[in-house]
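Reading the structure
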Amino acid sequence: MILADKIIKLRKKNGWSQEELAEKMNVSRQAVSKWESAQTIPDLEKILQLGRLFGVTTDYLLKDEIEDEEATEDISDHTVRRITLEQANTYLEQRKSASVKIALATFLCIISPIALILLGSCSEIAGFGISENVAGAVGLAVLFAFLLCAIPLYIYCGFKNDPFAFLDKKEPFELEYGVKGIVEERKKQFRATYVKWNIIATCLCVFSPVPLIISSFAGNEFLSVAMLAVTMVIAGVGVFMFILAGVRNASMQKLLKEGEYTEKGKTKSGIRDVVGVVYWGVLTAIYLTWSFLTNHWHITWIVFAVGGVLFNVVMSVCDYIADRPNKD
């Protein structure tokens, strides 16, 4: 019996469709179809993965003369991490707490330039009696103070999540009996809150520019700058709510292997995370360089507005690239 026939036999024995096997192997359904029709042969890594998945030896898979299945020793307890109810509850509570800290840190980052923008505008008005240099120094001090509060929160949440970092990777894991049902119930109970928070957050972000737009008709530059600050606060609150809901929902999706946390989704997510870090890092560098060279802090913030729009385009390109290998 050739390898192709053995894969078909073992897949059907486990009651899996080609799509289900493809997801477990992190390949496309077309790849599994080619294996089963003997058009292509899996590489050595995939053969080892097939052996672990089906619980058979690689000799059985590779040697045509071996007709009877040769089962490996039961290594599931050693190779597949099992999550208990206590561990699942600990993880969900930890992410619930982290959602507040991450949302707060992000909010602080968003509003951190406000003092710099307002003081910069004030320095151009004679009545305020503040020089441009003093305004810049105080504004930068406030900006960095906010960032110094935000960054430790990100780092702290990262360290707290270390014991569960495997959930974001391709490391296999299983939920112990009964855990899946409890997590699904918690996700179902949180659904209404998740939807409500997302609706409010979307409305806040969409309508956040309204004060700035209205102030532009007044022809008062300082008022426009003040309304820009209000816009940033409103948008920051919207982002705060997005993160608050998103982190908690994602924690349950990770345990249930749903949404972007399926095996295929994790590959996409890894690419998106790396590109996202680089993208926002470069954008911040452009913003700071332009701002320091021109000292037009009240204008350079547009970098983030444009960058936010283009970010979705960049992420779409990442998804396209991530999908390409699965189409071969």
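Let me begin by describing the structure that accompanies this report. For clarity, every value in this text was computed on a predicted model and none was experimentally measured. (Residues numbered from 1 in each chain as written. Predicted model: local features only at pLDDT ≥ 70, side-chain atom pairs only at ≥ 80, totals over all residues. Heavy atoms only, no water.)

The next point concerns helix α12 (residues 221-256). Along its 36 residues, α12 runs 52 Å from first to last C-alpha, staying within 8% of the 52 Å computed at 1.5 Å per residue. Two or three places before F222, at the opening of α12, N220 has a side-chain oxygen 3.0 Å from that residue's backbone nitrogen. Of the residues trailing α12, K257 is marked for its positive phi of about 55°. (Helix = DSSP H or I, 4+ residues; strand = E, 2+ residues; numbered from the N terminus. Expected span 1.5 Å × (residues − 1). Polar contact = N/O pair within 3.5 Å; in protein donor to acceptor, adjacent residues only side chain to side chain.)

Before going further, it helps to spend a moment on the nonpolar core. If you look at the biggest cluster of nonpolar residues, it comprises 27 residues, and the most contacted ones within it are I83, L167, L175 and L255. Among the secondary structure elements, those contributing two or more residues to this core are α7 (85-111), β2 (173-175), α10 (179-207) and α12. The greatest single-element share of this core, amounting to 8 residues, is contributed by α12. In this structure L175 touches I83, K180, L255 and L256, once residues within four positions along its chain are discounted. In terms of nonpolar packing, the next biggest core, distinct from the first, is built from 18 residues, L3, A22, A31 and W35 among them. (Core = buried A, V, L, I, M, F, W, Y, C linked by side-chain atoms within 4.5 Å. Buried < 20%, exposed > 50% of the residue type's maximum accessible area, 1.4 Å probe, protein only. Contact = heavy atoms within 4.5 Å.)

Nonpolar side chains collect at one region of the surface, where W290, I299, I302, V306, L310, V313 and V317 lie side by side and expose about 570 Å² of accessible area between them. The leading source of residues in the nonpolar patch is helix α15 (residues 302-323), at 5 residues. The residue W290 is located in helix α13 (residues 263-294) in this model. By relative accessible area, which is 33% here, W290 ends up partly exposed. (Patch = residues over 30% accessible without salt bridge, like charges linked within 9 Å, V, L, I, M, F, W, Y side chains within 5 Å. Areas by Shrake-Rupley, 256 points an atom, 1.4 Å probe, with all protein chains shown as cover. Salt bridge = Lys/Arg side-chain N within 4 Å of Asp/Glu carboxyl O.)

Further remarks concern the environment of E86. Within the secondary structure, E86 is located in helix α7. By relative accessible area, E86 is classed as exposed at 63%.

A separate point is the pattern of salt bridges. Scanning all chains against the criterion turns up 6 salt bridges. Where E93 meets R186, a salt bridge forms, and the shortest distance between an N and an O atom there is 3.2 Å. Highlighted residues: E93 in helix α7 and R186 in helix α10, separated in sequence by 93 residues. Judged by relative accessible area, E93 falls into the partly exposed class, the value being 41%.

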